[in-house]
Amino acid sequence: MRLKGIENLGLERAVGLLRQHGRPVRGGMIESADRTWTFPLFLTEDGSALVACAGVQRVVEESPL
């Protein structure tokens, strides 16, 4: 992401929290209303608690004409 200049919010912290959790997780994703950000969510295996989340800016690639 850094090499491609993709902005993120809390991704390093989320990875650390997942490592610390050390157990299986459920994943999900939420997109912002304007579709410029994606937020991956990681829940406990039973889905009862949030383990980690992050924000990743979406890169819109222009299609060749």
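Conventions adopted
- Residues numbered from 1 in each chain as written.
- Predicted model: local features only at pLDDT ≥ 70, side-chain atom pairs only at ≥ 80, totals over all residues.
- Heavy atoms only, no water.
- Helix = DSSP H or I, 4+ residues; strand = E, 2+ residues; numbered from the N terminus.
- Rg over C-alpha atoms; globule rule 2.2 N^0.38 Å.
- Contact = heavy atoms within 4.5 Å.
- Salt bridge = Lys/Arg side-chain N within 4 Å of Asp/Glu carboxyl O.
- Buried < 20%, exposed > 50% of the residue type's maximum accessible area, 1.4 Å probe, protein only.
- Polar contact = N/O pair within 3.5 Å; in protein donor to acceptor, adjacent residues only side chain to side chain.

Caption draft 1: Expanded view of the overall build of the protein chain. Along its length, the protein chain carries 1 helix and 5 strands. Start at the N end of the protein chain and walk to the C end: the helices and strands fall as β-α-β-β-β-β. For 65 residues, the compact-globule formula gives about 11 Å, and the C-alpha radius of gyration of the protein chain, at 14 Å, lies well above that figure. Projected onto its principal axes, the C-alpha positions of the protein chain cover 45 × 25 × 15 Å.

Caption draft 2: Highlighting the side chain of Thr-38. With respect to the helices, strands and loops of the structure, Thr-38 is situated in strand β3 (residues 37-44). Apart from residues lying up to four places away in sequence, Thr-38 is in contact with Met-29, Ile-30, Glu-31, Ala-54, Gly-55, Val-56 and Arg-58.

Caption draft 3: The arrangement of unusual backbone geometry in detail. Unusually for a residue other than glycine, Arg-35 sits at a positive phi of about 60°. As for its position among the elements, Arg-35 is in the loop between β2 (25-31) and β3.

Caption draft 4: Main features of the pattern of salt bridges. In total, this model carries 2 salt bridges according to the counting rule given. A salt bridge links Glu-31 to Arg-58, with the nearest nitrogen and oxygen atoms 3.2 Å apart. Here Glu-31 is found in strand β2, whereas its partner Arg-58 is found in the segment after β5 (55-57), with 27 residues between them in sequence. Ionic contacts of the salt-bridge type, sharing partners, join the residues Glu-31, Arg-35 and Arg-58 into one network.

Caption draft 5: Local environment of the environment of Gly-16. By the secondary structure assignment, Gly-16 is in helix α1 (residues 11-21). Placed 36 residues apart in sequence, Gly-16 and Ala-52 show a C-alpha to C-alpha distance of 8.9 Å.

Caption draft 6: Here's a closer look at the side chain of Thr-44. Looking at where Thr-44 falls in the secondary structure, it is placed in strand β3. Overall, the relative accessible area of 16% leaves Thr-44 in the buried class. At a separation of 3.2 Å, a polar atom in the side chain of Thr-44 contacts the main-chain amide nitrogen of Ser-48. Residue contacts for Thr-44: discarding those within four places in its chain leaves His-21, Pro-24, Val-25, Arg-26, Ala-49 and Val-51.

In short, shape yes, function no, at least from these values alone.
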